[in-house]
Amino acid sequence: MTRTYDIPKELVMKAYKLVKANAGSAGVDKQSLEDFQENLEGNLYKIWNRMSSGSYFPPAVKAIPIPKKSGGIRILGVPTVGDRIAQMVVKLEFEPKVEPCFLKDSYGYRPNKSALDAIGITRKRCWEYNWVLEFDIKGLFDNIPHDLMMKAVRKHTNCKWVILYIERWLKASILTSKGEIQRRDRGCPQGGVISPLLSNLFLHYVYDLWMERNHPDKPWCRYADDGIAHCKMEEDAKQLLTEIKERFAECGLELHSDKTKIIYCKDSNRKEDYPNKSFDFLGYTFRCRRSRNSKFNKIFGGFTPGVSKTALKSMKKKTRSLNWRNRVDLNLEDISKIYNIVLIGWNNYYCKYHKSAMRPVWAHFNKTLVEWAMKKYKGLRNRRRKACKFITNLAEQCPEMFVHWQQGINIIFT
């Protein structure tokens, strides 16, 4: 077969290793990563050969409905293993060209940037600006216009095979859960390897650069389709909201009315009254909280982030779903090995700011362990107080067993 494009085999191998590290489920062909690896050399050669000749066409994307923490569902598009590798090949070629162009206040899906970075800068700016405009884009991945998307792609590369395959992925059909094939004339499936990079590129022109050009006095922060802009005055926030709605409409997007609002950053020094005095951003709730000035040892009300009620509910739900209380086949060391990595992840993210807000999650898990102990050991059955003492003693003796036990026994059950 004629080689139309010069795509190094090493690039395909590197793409495979990255896809393997990220794991993921099977697509429409039902081929798992393990199945793909049974004929690894042949499968990788097939991808390279077809991409190099220009004859690679992406298979349909498998649509998987995923419940949202806030209610409703999100459609996740799962490509096949081979297609994920092909997308990674293009990403490896394309990302170095666009990443340097992105602005510092864009945080989502970017190397060396995190959601906690976005939380940190938003926290700082809420102290400096009285008003916040919080916005959420309705169905971003479903509504990106292909013509504008490709215009942005061509602005950053003249590599013909990168342009060719991105355009094909944008147009790839979707296999619904009902077995129906849906054609697409807009959007890019959420779940694809290349999709986060493309959405960032699109919003770089739709929002990021537009804000820098038209509102240089209003700091902003964006993580994927969630955005924050800070204003000095309420009137400024209202005017900005009107302009952003118009800007997004021009580019084929719409703001989510329930998740877009103006917030007054109420604290001890801000005396105005306003209906919205808190907002949720990336799993944190920003609101007035009891804080201490360590320098003057003074208590005051500061506008700061802490884990949101939605996130707390989701974490408790995960613990319940794994049914630890009934796993009497396991000992405590087994549970620690299996679940402590999850608890560590929660601790590292949600305890960065106002860590005492995580107490309900830790207490819920500890009570689950009490229920487990009462079923595991005959001497503790129907003896809750004794089982609580048993878990408390373990936390004092072996605090390294679970990450939150290292914070002290005062958070065991409260």
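That block above? That's the structure.
**Here's the deal with the layout of surface pockets**
- The volume enclosed by the second largest pocket comes to roughly 520 Å³.
- Asn22, Gly191, Gly192, Val193 and Pro196 are the residues nearest the centre of the second largest pocket, which is lined by 24 residues in total.
- Sorting the residues of the lining of the second largest pocket by element identifies helix H1 (9-22), strand E2 (73-78), helix H4 (81-98) and helix H9 (195-214) as the ones contributing at least two each.
- A total of five residues in the lining of the second largest pocket trace back to one element, the largest contributor, which is H4.
- By residue class, the composition of the lining of the second largest pocket is 13 nonpolar, seven polar and four charged.

**Some details on helix H13 (residues 359-376)**
- Along its 18 residues, H13 runs 25 Å from first to last C-alpha, staying within 8% of the 26 Å computed at 1.5 Å per residue.
- Of all 18 residues in H13, 13 are buried; the element is thus mostly enclosed.

**Details of the sheet that holds strand E3 (residues 131-136)**
- With respect to topology, four strands assemble into an open sheet ordered E6-E7-E3-E8, the strand pairing being antiparallel. The open sheet has two edge strands, strand E6 (220-223) and strand E8 (261-264), and neither has a second partner. Each strand of the sheet is rotated relative to its neighbour by a mean of 20°, with strand direction disregarded.
- In this structure, E3 lies alongside strand E7 (residues 226-231), joined through six bridges in antiparallel fashion. Paired with Trp131 across the bridge in E7 is Cys231.
- On top of the sheet, H9 reaches E3, E6 and E7; it is set at about 175° to E6, its chief contact.

**Focus on unusual backbone geometry**
- One non-glycine residue, Tyr109, lies in positive phi territory at about 55°.
- Mapped onto the fold, Tyr109 is located in the loop between H4 and helix H5 (115-128).
- One non-glycine residue, Ala224, lies in the positive phi region at around 60°.
- Summarising the element assignment, Ala224 is placed in the loop between E6 and E7.

**Brief notes about the packing of helix H12 (residues 332-350) against H13**
- Packing of H12 against H13 leaves a shortest axis separation of 13 Å and a crossing angle of 170°. In terms of their interaxial angle, H12 and H13 are classed as roughly antiparallel. For the pair H12 and H13, the contacting residues are Leu332, Ile335, Tyr339, Leu343, Trp346 and Asn347 in the first and Val361, Trp362, Phe365, Leu369 and Trp372 in the second.
- Classifying every residue of the contact of H12 with H13 gives ten nonpolar, one polar and no charged.

**A look at the pattern of salt bridges**
- Here the structure, examined in full by the defined rule, presents 15 salt bridges.
- Here Glu99 makes a salt bridge to Arg110, at a shortest N to O gap of 2.6 Å. Here Glu99, found in the loop between H4 and H5, pairs with Arg110, found in the loop between H4 and H5; they are eleven residues apart in sequence, far enough to count as distant. Across this residue pair, the class does not change: Glu99 and Arg110 are buried.
- Its salt-bridge partner being Lys238, residue Glu234 comes within 3.3 Å of it at the nearest N-O pair. You can see Glu234 and its partner Lys238 sitting in helix H10 (residues 234-250), four residues apart, about one turn around the helix.
- Taking relative accessible area as the criterion, Glu234 reaches 18% and is therefore assigned buried.
- By sharing partners, the salt bridges in this structure join Lys104, Asp105 and Arg125 into a single network.

**Thoughts on a negative patch on the surface**
- A grouping of Asp29, Glu34, Asp35 and Glu38 is seen on the molecular surface, where their side chains present a negatively charged patch.
- Of note, Glu34 is situated in helix H2 (residues 33-37).

**Some words on the sheet that holds strand E5 (residues 181-182)**
- With respect to topology, four strands assemble into an open sheet ordered E2-E1-E4-E5, the strand pairing being mixed. Looking along the sheet, the strands with just one partner apiece sit at the ends: E2 and E5.

**Observations concerning the packing of H4 against H9**
- Running from N to C, H4 and H9 point in directions that differ by 25°, and their axes come no closer than 11 Å. The angle between the axes of H4 and H9 places the two elements in the roughly parallel class. In this structure, H4 crosses over H9, and the sense of that crossing is left-handed. Listed contacts from H9 to Lys91, Phe94, Glu95 and Val98 of H4 are Leu197, Leu198 and Leu201.
- Split into classes, the residues belonging to the contact of H4 with H9 amount to five nonpolar, no polar and two charged.

About the thresholds
Residues numbered from 1 in each chain as written. Predicted model: local features only at pLDDT ≥ 70, side-chain atom pairs only at ≥ 80, totals over all residues. Heavy atoms only, no water. 1 Å grid on protein atoms, 1.4 Å probe; cavity = no way out; pocket = protein on both sides within 12 Å on 5 of 7 lines; lining within 4 Å. Points joined across faces, edges and corners; volume = space filled by probe spheres on them. Helix = DSSP H or I, 4+ residues; strand = E, 2+ residues; numbered from the N terminus. Nonpolar A, V, L, I, M, F, W, Y, C, P; charged D, E, K, R; others polar. Expected span 1.5 Å × (residues − 1). Buried < 20%, exposed > 50% of the residue type's maximum accessible area, 1.4 Å probe, protein only. Pairing = 2+ DSSP bridges. Axes fitted to C-alpha atoms, helices over the stretch in contact; angles between N-to-C directions. Contact = heavy atoms within 4.5 Å. Parallel < 35°, antiparallel > 145°, perpendicular 65-115°, else oblique. Salt bridge = Lys/Arg side-chain N within 4 Å of Asp/Glu carboxyl O. Patch = residues over 30% accessible without salt bridge, like charges linked within 9 Å, V, L, I, M, F, W, Y side chains within 5 Å. Areas by Shrake-Rupley, 256 points an atom, 1.4 Å probe, with all protein chains shown as cover. Lys, Arg positive; Asp, Glu negative; His and termini not counted. Charge placed at Lys NZ, Arg CZ, Asp CG, Glu CD. Left-handed = near helix turned anticlockwise from the far one by under 90°.

Purely geometric stuff here, so don't read any function into it on its own.
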